[in-house]
Amino acid sequence: MNDLRHQLRGLWLPLITPFRNGELDEPSLQRLVRHYASGPVDGLILAATSGEGLTLSMTELERLVTVVRSELDDMQRHMPLCLGLSGAATSKLRDALDDTADWPIDGYLIASPYYSRPSQRGLLQHFTALANHASWPIVLYNIPYRTAVNLTNDTLLALAEHPNIVGLKDCCADRAQSIDLLRRRPEGFRVLNGDDAQYFDALTDGADGAILLSAHVATESFAMVRTLLAEGNHDAAAACWQRVAGLTRLLFTEPSPAPAKYWLARSGMIASAEVRSPIVEVSPELATWLDREMDRLSALSDEIRLVNAG
């Protein structure tokens, strides 16, 4: 086992997967990795929801991991990588764990089975079987509005006792449940918020960090919110959060990651905003709103630089 349990904190990015003409766009991927690995990002999630993992072949998944790790190695930057896996059949996920066992990753992010809506006993059995089988540590992913099943805190606490289950991406959309879990979790079990709009509240409630699609944009500001809270400067953290809170809603106005890809393409970070069906590129109406927000943030950044220079 590696040190993922201790690295699972701070600001993690669920990296988008850039495409061009239907193929993985490796130059854009390399540019993204270099950009975010040079900033205040503590870890990357590959091929999860934001990375359109369900649309990638196993060959593409392996190439994605290889390119990202190679780019980090070239930078001499150690950054933990978790691979997103999803599925509704325990046996098929075990096969995926076997297929990826020797890949250069540090762990897995695994969501609850979708569509079949297993019981809590079934979820406990499913994740225990995967944890027993996996060569790398597992981060659970509780996102009931996508999977149609909620991991209850009693089930999560039982799973948290497994030595190969190190944490949770929490998207339960129930603050009371999240607070209860933070209060009852065993020592060393990490909880990262995954609901972008709840980032500030989750940190004040005691979460160890977050996995945020919105942090593709204004990365430094999202990181600064956590830094200021850790320093005890609540008012400054709240003010920083208010400057970017609108992004956490705007970037999910239409199905993710289309809005984020539009933003990154317009800013020159990736060559194309291309997504894979059934996700479609943003509407003209949303594109207009995104353009306005980009202009607003650009002007705000200019003002902050002028103040700091003075």
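The structure under discussion appears in the preceding block.
Residues numbered from 1 in each chain as written. Predicted model: local features only at pLDDT ≥ 70, side-chain atom pairs only at ≥ 80, totals over all residues. Heavy atoms only, no water.

Undergrad: Tell me about the sheet that holds strand β6 (residues 107-111), residues and numbers included.
TA: Judged by pairing direction, the barrel is parallel, and its eight strands sit side by side in the order β1-β4-β5-β6-β7-β8-β9-β10 before closing back on the first. Across the sheet, the mean angle from the axis of one strand to that of its neighbour is 25°, orientation sign disregarded. By the bridge criterion, four bridges tie β6 to strand β7 (residues 138-142) in an arrangement that is parallel. Looking at the pairing, L109 lines up with V139 of β7. Of the strands in this sheet, β4 (43-46) and β5 (81-85) touch helix α3 (residues 58-75), which is tilted by about 170° from β5. (Pairing = 2+ DSSP bridges. Helix = DSSP H or I, 4+ residues; strand = E, 2+ residues; numbered from the N terminus. Axes fitted to C-alpha atoms, helices over the stretch in contact; angles between N-to-C directions. Contact = heavy atoms within 4.5 Å.)

Undergrad: Describe in detail the state of the cysteines, supporting the description with residues and values.
TA: Within the structure shown, the criterion is met by zero disulfides. As a non-bridged cysteine, C171 has C172 as the owner of its nearest cysteine sulfur, 8.4 Å distant. Overall, C172 belongs to the buried group, its relative accessible area being 9%. (Disulfide = S-S within 2.5 Å. Buried < 20%, exposed > 50% of the residue type's maximum accessible area, 1.4 Å probe, protein only.)

Undergrad: How would you explain the packing of helix α5 (residues 120-133) against helix α7 (residues 153-160) if you had to name every residue and give the values?
TA: Taken N-terminus to C-terminus, the directions of α5 and α7 make an angle of 25°; their axes are 10 Å apart at the nearest point. When the axis of α5 is compared with that of α7, the two are roughly parallel. Considering how the two elements wind past one another, α5 and α7 form a crossing that is right-handed. Judged by residue contacts, Q120, L124, F127 and T128 of α5 engage T155, A158 and L159 from α7. In the contact of α5 with α7, the residues fall into four nonpolar, three polar and no charged. (Parallel < 35°, antiparallel > 145°, perpendicular 65-115°, else oblique. Left-handed = near helix turned anticlockwise from the far one by under 90°. Nonpolar A, V, L, I, M, F, W, Y, C, P; charged D, E, K, R; others polar.)

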